[in-house]
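# Observations on chain architecture
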Amino acid sequence: MNVKQVLAENDIAPSKHQGQHFLQDEEIIEYEIKLAKLEENDIVLEIGAGIGNVTEKIAKKSKVIAVERDRRFLPLLQRIENIEIINADALRVIKKLNFNKVISNIPYAISQSLLLALLKTEWQVAVLVVQREFAKKLKNGKLAILLEDCADIKIIDGVSADAFYPRGVASSIVVLKQKALMDDKFWGFLNRAYRSRNRDAKNVFPACGEAVAKKKVHQLTSKELKSLYQTVKTA
């Protein structure tokens, strides 16, 4: 499907405000689907279905719940079989939906919010295309520590800016296999801790042991932070 042509034929201009950059590289799309290991009885959530070029390929293998808040794309999506279309903001409806896999290309502006919403919901596998800048946050820092408890993660770089129309930015494929639901209180603890990321641990966590007292908060390992969290939680 030629993304530029479909948009032109339907008189749709991509919205900069909504960060609309549509994945057009067929090889990347096929690779996303391969990574998800789709089966006939899977129910796949696609956030931001757009013109349906990815949706159509998923729907040939599994049922799709296509969430799209831009009404301009609904007539295009309605032509596709084996899908349920939800015209809504994904952040408002994710927790109400039942699905076991996710395939989505996520705008940078809402990447963290959508990831956190997904981590609070049960599923098996998620394959997400995100900006490389966001993917780096999943390797180090508070998001990486949170993810250790929730999912096994694999990050695959190599999605070029030209893979999108309009041209986007260099991106990565993130593959998540869920292990557990997100602990909201642990996430809150990490946020509070990282607000003081350059302070000594002893000044942020008075009850911390001597082994970590002189470390900066951002130097603490995930194991050390989890231990501190347990201490704070039971205090």
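Along each chain, numbering runs from 1 in the same order as the chain's sequence is written. Per-residue local features are limited, in this predicted model, to residues with pLDDT of at least 70; the limit for side-chain atom pairs, both in listing and counting, is 80 or more; totals at the level of whole chains, interfaces and linings are taken over all residues. Just so you know, side-chain values use all the structure's heavy atoms and leave hydrogens and water out.

### Thoughts on the packing of aromatic side chains
Any two rings among Phe, Tyr and Trp, with Trp reduced to its six-membered ring, count as a pair given centres within 6.5 Å; such a pair is stacked if its planes are under 30 degrees apart, edge-to-face if over 60, and tilted if neither. Applying the stated criterion across every chain, the model contains five aromatic pairs. Both rings, one in phenylalanine 186 and one in phenylalanine 189, keep their centres 6.2 Å apart while their planes meet at 15°; by these two values the pair is stacked. Here phenylalanine 186 pairs with phenylalanine 189, and both are found in helix H9 (residues 184-194), just three residues apart, close to one helical turn. Assigned by exposure class, phenylalanine 186 and phenylalanine 189 land together as buried. Counting every residue linked through ring pairs, the aromatic cluster contains Phe186, Phe189, Phe205 and Tyr229. Runs of H or I in DSSP of at least four residues are treated as helices and runs of E of at least two as strands, each being numbered from the N terminus. Remark: exposure states derive from per-residue accessible area (1.4 Å probe, protein chains only) relative to the maximum for the residue type, with buried under 20%, exposed over 50%, and partly exposed in between.

### Considerations on the packing of helix H6 (residues 111-119) against helix H8 (residues 142-150)
Interaxial angle, 0 to 180 degrees, is taken between N-to-C directions of lines fitted to C-alpha atoms, where a helix line uses only the stretch in contact. The interhelical angle for the contact between H6 and H8, taken along N-to-C directions, is 20°, at an axis separation of 12 Å. Judged by the inter-axis angle, H6 sits roughly parallel to H8. When you trace H6 past H8, the crossing you get is left-handed. Here H6 contributes Gln112, Leu115, Leu116 and Leu119 to the contact with H8, which in turn contributes Leu143, Leu146, Leu147 and Cys150. Looking at side-chain class alone, the contact of H6 with H8 contains seven nonpolar, one polar and no charged residues. An angle below 35 degrees is read as roughly parallel, one above 145 as roughly antiparallel, one from 65 to 115 as roughly perpendicular, and any other as oblique. Left-handed describes a crossing whose near helix is turned anticlockwise from the far helix by less than a right angle; the clockwise case is right-handed. By the convention used here, residues are in contact when the closest approach between their heavy atoms is within 4.5 Å. In this classification, the charged set is Asp, Glu, Lys and Arg, the nonpolar set is Ala, Val, Leu, Ile, Met, Phe, Trp, Tyr, Cys and Pro, and all remaining amino acids, among them Gly, are polar.

### Observations concerning the pattern of salt bridges
Counted as salt bridges are all cases of a side-chain nitrogen of Lys or Arg within 4 Å of a carboxyl oxygen of Asp or Glu. Summed over the entire model, instances satisfying the criterion amount to 13 salt bridges. For aspartate 149, the salt bridge goes to lysine 226, with nearest N and O atoms at 3.0 Å. Of the two residues, aspartate 149 sits in helix H8 while lysine 226 sits in helix H12 (residues 222-234), which places them 77 residues apart along the sequence. We classify aspartate 149 as partly exposed; its relative accessible area is 35%. The exposure class assigned to lysine 226 is partly exposed, which follows from its relative accessible area of 22%. With a shortest N-O distance of 2.7 Å, arginine 167 and aspartate 162 are connected by a salt bridge. Owing to a relative accessible area of 55%, arginine 167 belongs among the exposed residues under this scheme. Three or more residues are tied together by salt bridges with common partners; here these are Glu26, Glu30 and Lys57.

### Regarding the environment of cysteine 150
Within the fold, cysteine 150 resides in helix H8. In this structure, the C-alpha to C-alpha distance between cysteine 150 and glutamate 68, residues 82 residues apart in sequence, is 26 Å. Excluding its chain neighbours within four sequence positions, the residues that come into contact with cysteine 150 are Leu119, Lys177, Gln178, Lys179, Ala180, Leu181 and Met182.

### Quick word on H12
Here the expected length of a helix is defined as 1.5 Å per residue gap, with one fewer gap than residues. The end-to-end C-alpha separation of H12 is 18 Å, in line with the 18 Å expected for 13 residues at 1.5 Å each. Those residues of H12 that sit buried are Ser222, Leu225, Leu228 and Tyr229. Axial view of H12: buried residues confined to an arc of 120°, hence all on one face. Of the exposed residues in H12, those oriented more than 90 degrees away from the buried face are Lys223 and Thr234. The arc in question is the one spanned by the directions pointing from the helix axis to the C-beta atoms.

### Focus: the layout of surface pockets
Lining residues are those with an atom within 4 Å of a point, where the points come from a 1 Å grid over the protein atoms alone and group into cavities, where a 1.4 Å probe fits but cannot get out, or pockets, open sets with protein on both sides within 12 Å along at least five of seven lines. Grid points are joined across faces, edges and corners, and a volume is the space filled by probe spheres set on the points. Of the voids in this model, the largest pocket is the one considered here, and its volume is about 670 Å³. Lining of the largest pocket is provided by 36 residues; of these, Gln18, Gly19, Asn105, Ile106 and Pro107 occupy positions nearest its centre. Residue assignment for the lining of the largest pocket shows that the elements contributing at least two residues are strand S1 (22-23), strand S2 (43-47), helix H3 (53-59), helix H5 (90-93) and strand S6 (125-131). Top contributing element to the lining of the largest pocket by residue count: S6, with three residues. Along the lines of polarity and charge, the residues of the lining of the largest pocket split into 20 nonpolar, twelve polar and four charged.

### A look at empty space enclosed by the protein
In this structure the tally under the stated criterion is one cavity of 30 Å³ or more. Here the largest cavity defines a volume of roughly 40 Å³. Lining the largest cavity are Ile106, Ser111, Leu115, Leu128, Val130, Phe134, Leu138, Val174 and Leu176. Only H6, S6 and strand S9 (171-178) provide two or more residues apiece to the lining of the largest cavity. Residue classes in the lining of the largest cavity are distributed as eight nonpolar, one polar and no charged.

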